[in-house]
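Each chain, written out:
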Amino acid sequence: GIQVEQSPPDLILQEGANSTLRCNFSDSVNNLQWFHQNPWGQLINLFYIPSGTKQNGRLSATTVATERYSLLYISSSQTTDSGVYFCAVDTSYGKLTFGQGTILTVHP
Amino acid sequence: SAVISQKPSRDICQRGTSLTIQCQVDSQVTMMFWYRQQPGQSLTLIATANQGSEATYESGFVIDKFPISRPNLTFSTLTVSNMSPEDSSIYLCSVANQRSGNTIYFGEGSWLTVV
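From a predicted model like this one, the values you see are computed outputs, not experimental measurements.

Cut-off values and rules
- For every chain, the first residue of the written sequence is number 1, and numbering continues from 1 along that sequence.
- The lettering of chains begins at A and the numbering of ligands begins at 1, in the order of writing.
- In keeping with the model being predicted, local features are shown solely for residues with a pLDDT of at least 70 and side-chain atom pairs are shown and tallied solely at 80 or more, while totals for entire chains, interfaces and linings include all residues.
- The side-chain values count all of the structure's non-hydrogen atoms but skip hydrogen atoms and water molecules.
- Criterion for a disulfide: a pair of cysteine sulfur atoms within 2.5 Å.
- Each helix is a run of H or I in the DSSP string that is no shorter than four residues. Each strand is a run of E no shorter than two, and both are numbered from the N terminus.
- A 1.4 Å probe rolled over the protein chains alone gives each residue an accessible area, and that area as a share of the maximum for its type sets the label: buried under 20%, exposed over 50%, partly exposed in between.
- It only takes one pair of heavy atoms within 4.5 Å for two residues to be counted as in contact.
- Here the quantity called buried area is the accessible surface, traced with a 1.4 Å probe, that two parts lose on coming together, added over both.
- In what follows, salt bridge is the name for a side-chain nitrogen of Lys or Arg lying within 4 Å of a carboxyl oxygen of Asp or Glu.
- Pairing of N or O atoms within 3.5 Å defines a polar contact, subject to two protein rules: one partner must be a possible hydrogen donor and the other a possible acceptor, and residues neighboring in sequence count only if both atoms are side-chain atoms.
- Under the scheme applied here, ten amino acids are nonpolar (Ala, Val, Leu, Ile, Met, Phe, Trp, Tyr, Cys and Pro), four are charged (Asp, Glu, Lys and Arg), and all others, including Gly, are polar.

For the structure shown, the criterion picks out two disulfides over all chains. For A:Cys23, the disulfide goes to A:Cys87, at an S-S distance of 2.0 Å. Taking the sign of the torsion about the S-S bond as the criterion, the disulfide between A:Cys23 and A:Cys87, at about -50 degrees, is left-handed. Of this pair, A:Cys23 sits in strand β3 (residues 19–25) while A:Cys87 is found in strand β9 (residues 83–92), placing the two residues 64 residues apart along the sequence. For A:Cys87, a relative accessible area of 0% corresponds to the buried category. Free of any disulfide, B:Cys13 has its nearest cysteine sulfur in B:Cys23, 18 Å distant.

Spelled out as structure tokens, the structure:
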């Protein structure tokens, strides 16, 4: 099956710093989504981005489907950005394969 | 978007018992799925809940352990049977609806601890 790799596995930032999270995938995909999992376990949709670039406030994402990677940018990080960020790809409508996640810790 | 409610949100269960998790969506959806997230791990797909027919299970998951029902287009249940401590996980319901594009949405999750 498809492989999804995220890097870095852990990231520690000071509030206000910028960061880039990466997601590599091993095959063509129908869909790619970025999620933020908060400390209570809830998965929050950040982006649906099978290709191209999207921005939402301090967050933006770019997927280069031909090169099989996606990037999530977080600017001016805040403590509330802490949590686990997952990339997930959809190869068969609705069935997601998740990466292992990036654990982000933002210190005040 | 879709609003997805899961019950229970959290439970502590005795070894050997079974627990049923409910997933209710605020609108009719085409596809419903169940995932498991073991402590410190990523999410793994358990099965696709098919309306009016038997669920489709992923490799490593079987119906006897994780029976699933989907009586209509807005509701599904997952039962975790004969639980052991290894079943301690977050169980999440997700939905996909072509009318909302291809975005996948998740419920809040059900945290199960087996003692």
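That was the structure; now back to the text.
This part covers the interface of chain B and chain A. With 23 residues of chain B at the contact, the number on the chain A side is 19 residues. Across the chain B to chain A interface the summed buried area is about 1,700 Å²; carbon plus sulfur atoms make up 55%. Scanning the region where chain B abuts chain A turns up one salt bridge. With a shortest N-O distance of 3.0 Å, A:Lys95 and B:Glu58 are connected by a salt bridge. At the junction of chain B and chain A, the tally comes to seven residue pairs in polar contact (both at pLDDT 80 or more). Of all elements in the fold, only β4 (31–37), β5 (43–49), β9 (89–96), β10 (99–102) and β11 (104–106) of chain B reach the threshold of two or more residues within the side of chain B that touches chain A. In terms of residue count, β4(B) provides more of the side of chain B that touches chain A than any other element does, four residues in total. Across the side of chain B that touches chain A, the residue classes tally to 12 nonpolar, nine polar and two charged.

All names here are of chain B. Examined against the element boundaries, Ser 110 turns out to sit in strand β12 (residues 110–114). For the pair Ser 110 and Thr 77, spaced 33 residues apart in sequence, the C-alpha separation works out to 12 Å. The residues touching Ser 110, leaving out its near neighbours within four places in the chain, are Gln 6, Lys 7, Pro 8, Ser 9, Ile 21, Ser 89, Ile 90 and Tyr 91. In terms of polar contacts, Ser 110 uses its side chain to reach the backbone carbonyl oxygen of Pro 8, at 2.6 Å.

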